[in-house]
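Summary of the model geometry
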Amino acid sequence: MRGTEGLRVADTSVMLDLVGGNINVAVIMVAEKAADLIRGRTPPAAVNV
């Protein structure tokens, strides 16, 4: 296939339960985490609120 070399796919099937509302932010968070893992970056530390 042309143009798919090195293609990575991250999907939201890792989410155990979907909420009834807009899941855009949750999808973006999954994508950011996947990008960090692919690049080998250490994710930022968790913040307790």
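Here's what I pulled together on the structure shown here. Being a predicted model, the structure only gives us computed values, none of them experimental. Position numbers for residues start from 1 in each chain and track the written sequence from start to end. This being a predicted model, a pLDDT of at least 70 is required before a residue's local features are given, and a value of 80 or more before pairs of side-chain atoms are given or counted; all residues contribute to the totals for chains, interfaces and linings. To get the side-chain values, take all heavy atoms of the structure and skip hydrogens and water.

**Examining the overall build of the chain**
Scanning the chain for helices and strands turns up one helix and zero strands. Oriented by its inertia axes, the alpha-carbon framework of the chain measures out at about 45 × 30 × 15 Å. Exposure is judged per residue with a 1.4 Å probe applied to protein chains only, and the accessible area is read against the type maximum: over 50% gives exposed, under 20% gives buried, and values in between give partly exposed. By the burial criterion, 6% of the 49 residues in the chain qualify as buried. Working definition of accessibility: Shrake-Rupley area with a 1.4 Å probe, residue cover restricted to the visible protein chains. Per element, the accessible surface of the chain, about 4900 Å² overall, is 57% carbon and sulfur. Taken together, the 5 basic and 5 acidic charged side chains of the chain have centroids lying 9 Å from each other. Under the scheme used here, helices are H or I runs from DSSP no shorter than 4 residues and strands are E runs no shorter than 2 residues, and both carry numbers assigned from the N terminus. When charges are counted, Lys and Arg contribute as positive and Asp and Glu as negative, whereas His and the chain ends are disregarded. By convention, the point assigned to a charge is CZ for Arg, NZ for Lys, CD for Glu and CG for Asp.

**Considering the side chain of Asp36**
By the element assignment, Asp36 lies in helix H1 (residues 24–39). Here a salt bridge means any side-chain nitrogen of Lys or Arg lying within 4 Å of a carboxyl oxygen belonging to Asp or Glu. One buried charged residue, Asp36, remains without a salt bridge, the closest side chain of opposite sign being Arg41 at 4.3 Å. Contacts were defined at the residue level, with two residues in contact if any of their heavy atoms lie within 4.5 Å. Not counting residues up to four positions away in its chain, the partners in contact with Asp36 are Arg41, Pro43 and Pro44.

**Details of the environment of Val30**
Among the structural elements, Val30 can be located in helix H1. Measuring from C-alpha to C-alpha, the distance between Val30 and Ser13 comes to 9.9 Å, with 17 residues separating the pair along the chain. Residues within four places of Val30 in sequence aside, it is in contact with Asp11, Val14 and Met15.

**Considerations on the environment of Met29**
By the element assignment, Met29 lies in helix H1. Met29 sits 13 residues away from Leu16 along the chain, and the two C-alpha atoms are 14 Å apart.

**Focus on the environment of Asp36**
Classification of Asp36 by relative accessible area gives buried; the value is 15%. Between the C-alpha atoms of Asp36 and Gly3, which are 33 residues apart in sequence, the distance is 23 Å.

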